[in-house]
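So you can see what is in the structure, the chains are spelled out below.
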Amino acid sequence: MRNGMRSRIDDRGLRIARGREATASLYPQSSTLGSGGFTLLELVMVMTIIVVLAAVSVTSYQHIQLKARETILKEDLRTMRRMIDQYAADKEKLPQSLDDLVNAQYMRDVPTDPITGEKDWVVDMGDDTVSRDGGTGVVDVHSAAAGEGSDGVAYQDY
């Protein structure tokens, strides 16, 4: 009796194994016994998603980089204008150039324009109303960059 039952159990095990092999050969993607690789369609879908995410991140990075350069430009202009005012208050005359601010140690160095990458600031000269002797001096400073910022204002008007 035991042998009869054992043969039936073995027989059922073979039929189950045979059924799996038959199913695996008909549908290779659904086989858990087959290879563990990806189909070509799955790889193409993943690559498409990666390309879309990369394109979005590159444009976002470029926009953030431009905004950072504009922020640095505004801060540099604000600092130079403040230094012109301090120079005028201390020396009782306007500086003749931005180099006068460096020579008098109001600034360590003339900053580089972050938009153009050069030290090519546009200096507005005007009447020296601070000095008793009169004359002209640096009244304001602007960027020499052409074009508009992300806020629609020309760089020269910052």
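Quick notes on the rules
- Residues numbered from 1 in each chain as written.
- Predicted model: local features only at pLDDT ≥ 70, side-chain atom pairs only at ≥ 80, totals over all residues.
- Heavy atoms only, no water.
- Helix = DSSP H or I, 4+ residues; strand = E, 2+ residues; numbered from the N terminus.
- Buried < 20%, exposed > 50% of the residue type's maximum accessible area, 1.4 Å probe, protein only.
- Areas by Shrake-Rupley, 256 points an atom, 1.4 Å probe, with all protein chains shown as cover.
- Polar contact = N/O pair within 3.5 Å; in protein donor to acceptor, adjacent residues only side chain to side chain.
- Contact = heavy atoms within 4.5 Å.
- Salt bridge = Lys/Arg side-chain N within 4 Å of Asp/Glu carboxyl O.
- Patch = residues over 30% accessible without salt bridge, like charges linked within 9 Å, V, L, I, M, F, W, Y side chains within 5 Å.
- Phe/Tyr/Trp six-rings, centres within 6.5 Å; stacked < 30°, edge-to-face > 60°.
- Lys, Arg positive; Asp, Glu negative; His and termini not counted.

**Q** Tell me about the overall build of the chain, residues and numbers included.
**A** Counting secondary structure elements, the chain contains three helices and two strands. Per-residue burial for the chain yields a buried fraction of 22% across its 158 residues. In the form shown here, the chain has an accessible surface area of approximately 11,700 Å², with 56% of it arising from carbon and sulfur atoms.

**Q** Mind laying out the side chain of H142, listing which residues take part and the relevant values?
**A** You can see H142 is positioned in strand β2 (residues 136-142). On the basis of relative accessible area, H142 is assigned to the buried category, the value being 15%. Within the structure, the side chain of H142 is placed 2.8 Å from the side chain of D124, a separation counted as a polar contact. Look past the residues within four positions of H142 in its chain and what remains in contact with it is L77, R81, W121, V122, D124, Q156 and Y158.

**Q** Which residues make up the environment of G135, and what are the values?
**A** Looking at the element boundaries, G135 is found in the loop between β1 (122-127) and β2. A C-alpha to C-alpha distance of 8.9 Å links G135 and L94, two positions 41 residues apart in sequence. Apart from the residues within four sequence positions on either side, G135 is in contact with G126, D127 and D128.

**Q** Explain the pattern of salt bridges to me, using residue names and the numbers behind them.
**A** Scanning the model with the defined rule gives five salt bridges in all. Residue E75 is joined to R78 by a salt bridge in which the shortest nitrogen-to-oxygen separation is 2.7 Å. Here E75 pairs with R78, and both are found in helix α2 (residues 40-91), just three residues apart, close to one helical turn. Note on E75: relative accessible area 36%, which makes it partly exposed. For R81, the salt bridge identified is with D140, shortest N-O distance 2.7 Å. Placement of R81 in helix α2 and of D140 in strand β2 is noted, with a sequence separation of 59 residues between them.

**Q** Provide a residue-level description of a nonpolar patch on the surface, including the pertinent values.
**A** Side chains of V46, M47 and I50 sit close together on the surface and give an oily, nonpolar patch of about 280 Å² of accessible area. Within the element layout of this structure, M47 appears in helix α2. By relative accessible area, which is 48% here, M47 ends up partly exposed.

**Q** An account of the packing of aromatic side chains is needed here, citing residue identities and associated values.
**A** Applying the stated criterion to the full structure yields two aromatic pairs. Taking the centre distance of 5.5 Å and the plane angle of 65° together, the rings of Y87 and Y106 count as edge-to-face. With a gap of 19 residues between them, Y87 in helix α2 and Y106 in the loop between α3 (98-103) and β1 connect regions that are remote in the sequence. Each ring, one from Y155 and one from Y158, has its centre 5.7 Å from the other, and the planes form 85°; the classification is edge-to-face.

**Q** Which residues make up the side chain of E70, and what values go with them?
**A** Within the secondary structure, E70 is located in helix α2. Among buried charged residues, E70 stands out as having no salt bridge; its nearest opposite-charge side chain is K67, 4.8 Å away. Only 2.8 Å separates the side chain of E70 from the side chain of S150, close enough to count as a polar contact.

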